[in-house]
Amino acid sequence: MQDFPYLGTQWVSIPEFQGLAAAVGQVFSSALSGQITGDQALAQAQQISEREIKKAGY
């Protein structure tokens, strides 16, 4: 078994997390398949995250 430099999981305890994670995951899948660059994926993921968090009132 390989050691990892972190503990925990990828989960935020808010109702919006599942949809947010799915949307961001699709963006990163686009980057991994070469449809967009990594920088574009990061920018899009940030935009999606900020929009959803503001919409939810956090």
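Look above for the structure.
Remember, predicted model here, so these are calculated numbers, not experimental data.

Conventions used here
- Residues numbered from 1 in each chain as written.
- Predicted model: local features only at pLDDT ≥ 70, side-chain atom pairs only at ≥ 80, totals over all residues.
- Heavy atoms only, no water.
- Helix = DSSP H or I, 4+ residues; strand = E, 2+ residues; numbered from the N terminus.
- Expected span 1.5 Å × (residues − 1).
- Buried < 20%, exposed > 50% of the residue type's maximum accessible area, 1.4 Å probe, protein only.
- Arc of directions from axis to C-beta.
- Contact = heavy atoms within 4.5 Å.
- Core = buried A, V, L, I, M, F, W, Y, C linked by side-chain atoms within 4.5 Å.
- Axes fitted to C-alpha atoms, helices over the stretch in contact; angles between N-to-C directions.
- Parallel < 35°, antiparallel > 145°, perpendicular 65-115°, else oblique.
- Left-handed = near helix turned anticlockwise from the far one by under 90°.
- Nonpolar A, V, L, I, M, F, W, Y, C, P; charged D, E, K, R; others polar.

Chemist: Please clarify how helix 2 (residues 38-56) should be interpreted in this entry.
Modeler: Side chains that are three or four residues apart share a direction in an α-helix, a result of its 3.6 residues per turn. Spanning 19 residues, helix 2 covers 27 Å between terminal C-alpha atoms, matching the ideal 27 Å at 1.5 Å per step. Every buried residue of helix 2 is accounted for by Ala41, Ala45 and Ile48. Projected down its long axis, helix 2 carries its buried residues within an arc of 65°, all on one side. Opposite the buried face of helix 2, at more than 90 degrees from it, the exposed residues are Asp39, Leu42, Gln47 and Lys54. Buried residues belonging to helix 2 abut helix 1 (17-32). Looking one or two places after helix 2, you find Gly57, whose phi comes out positive at around 85°.

Chemist: Help me understand the environment of Ala43 in this model?
Modeler: Mapped onto the fold, Ala43 is located in helix 2. For Ala43, a relative accessible area of 40% translates into the label partly exposed.

Chemist: Explain the nonpolar core here, please?
Modeler: Nonpolar side chains in soluble globular proteins generally cluster together in the buried interior. If you look at the biggest cluster of nonpolar residues, it comprises 7 residues: Leu20, Val24, Val27, Ile36, Ala41, Ala45 and Ile48. Breaking this core down by element, the ones donating at least two residues are helix 1 and helix 2. With near-sequence residues (within four places) excluded, Ala45 lies in contact with Val24, Val27 and Phe28.

Chemist: Please explain the packing of helix 1 against helix 2 as it appears in this structure.
Modeler: Helix packing geometry: the angle between the two helix axes and the distance between the axes. Direction vectors running N to C along helix 1 and helix 2 enclose 170°, while the axes themselves pass 9 Å from each other. For the element pair helix 1 / helix 2, the angle class is roughly antiparallel. Relative to helix 2, the crossing made by helix 1 is right-handed. Residue-level contacts link Leu20, Ala23, Val24, Val27, Phe28 and Ala31 of helix 1 to Gly38, Ala41, Leu42, Gln44, Ala45, Ile48, Ser49 and Glu52 of helix 2. Across the contact of helix 1 with helix 2, the residue classes break down as 10 nonpolar, 3 polar and 1 charged.

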